[in-house]
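Chain and residue survey
Chain by chain, the residues run as shown.
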Amino acid sequence: MAAGVSDRFDIDATPEQVMRALEDVERIPEWSSAHKSVEVLTRDDDGRPIRIRMTLSLLGFSDTQTIEHSWTESSTSWTLVESSVQRSQDGEYALEPTERGTRVHVTMSLEPKVPVPGFVLKRGQKHAVEAVRKGLTEFVLSNYA
């Protein structure tokens, strides 16, 4: 069963500052407790990460997965390439300028390989977007604003 989640939140920083933080994927473990390690496998001509391997632990599940990013000036999206516990995962951070900074739209959907009760899957996704809201905001303001 696939499940999706989305959220919107504001950061008092420019879209360019938020994008620089998102491009700094090796530092995700600094703002997301679920991420234990992140390694960039390939980069595009502008130095942005394309293929990434990361180890995560959330709600008692651990996974090492490979994802592939695509980038625009105002968004980054990703698709799962390989995982031991997920069949699919897609997500996006889309940035929109506001009067005070940036509105971040985050969406994510995933489908586990093994049956997981829907409420557990939703709880994990809710925890993930809450961590993004708090962690990414603090990371941007501390390092890029």
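Residues numbered from 1 in each chain as written. Predicted model: local features only at pLDDT ≥ 70, side-chain atom pairs only at ≥ 80, totals over all residues. Heavy atoms only, no water.

Concerning the pattern of salt bridges
- Applying the stated criterion across every chain, the model contains 12 salt bridges.
- Across the pair E26 and R43 runs a salt bridge whose closest N-O atoms are separated by 2.7 Å. Remark: R43 occurs in strand β2 (residues 35-43) and E26 occurs in the loop between α1 (15-23) and α2 (28-31); sequence separation between them is 17 residues.
- For R43, a relative accessible area of 41% corresponds to the partly exposed category.
- Measuring nitrogen to oxygen at the nearest pair gives 3.1 Å for the salt bridge that ties E39 to R53. On the criterion of sequence distance, the pair formed by E39 in strand β2 and R53 in strand β3 (residues 49-58) is long-range, its members being 14 residues apart.
- Taken together, the shared-partner salt bridges connect D24, R27 and E30 into one network. (Salt bridge = Lys/Arg side-chain N within 4 Å of Asp/Glu carboxyl O. Helix = DSSP H or I, 4+ residues; strand = E, 2+ residues; numbered from the N terminus. Buried < 20%, exposed > 50% of the residue type's maximum accessible area, 1.4 Å probe, protein only.)

Quick notes on the sheet that holds β3
- Taken in spatial order, the seven strands of this open sheet run β1-β7-β6-β5-β4-β3-β2, and their pairing is antiparallel. The sheet terminates laterally at β1 (3-11) and β2, the two strands that pair on one side only. Adjacent strand axes in the sheet meet at a mean angle of 20 degrees when their direction is disregarded.
- Where α1 meets the sheet, it contacts β1, β3, β4 (61-71), β5 (75-83), β6 (86-97) and β7 (102-112), and its direction lies at approximately 155 degrees from that of β6.
- Each of β1, β3, β4, β6 and β7 is contacted by helix α3 (residues 118-143), which is oriented at about 20 degrees to β1, the strand it contacts most. (Pairing = 2+ DSSP bridges. Axes fitted to C-alpha atoms, helices over the stretch in contact; angles between N-to-C directions. Contact = heavy atoms within 4.5 Å.)

Some points on the layout of surface pockets
- In this model, the largest pocket occupies a volume close to 820 Å³.
- Forming the boundary of the largest pocket are 41 residues, of which L56, L58, Q89, M108 and L110 lie nearest the centre.
- Breaking the lining of the largest pocket down by element, the ones donating at least two residues are α2, β3, β4, β5, β6, β7 and α3.
- Sort the elements by how many residues they give to the lining of the largest pocket and α3 lands first, with nine residues.
- Its residues assigned to classes, the lining of the largest pocket shows 27 nonpolar, 13 polar and one charged. (1 Å grid on protein atoms, 1.4 Å probe; cavity = no way out; pocket = protein on both sides within 12 Å on 5 of 7 lines; lining within 4 Å. Points joined across faces, edges and corners; volume = space filled by probe spheres on them. Nonpolar A, V, L, I, M, F, W, Y, C, P; charged D, E, K, R; others polar.)

That is the geometry; function is a separate question.
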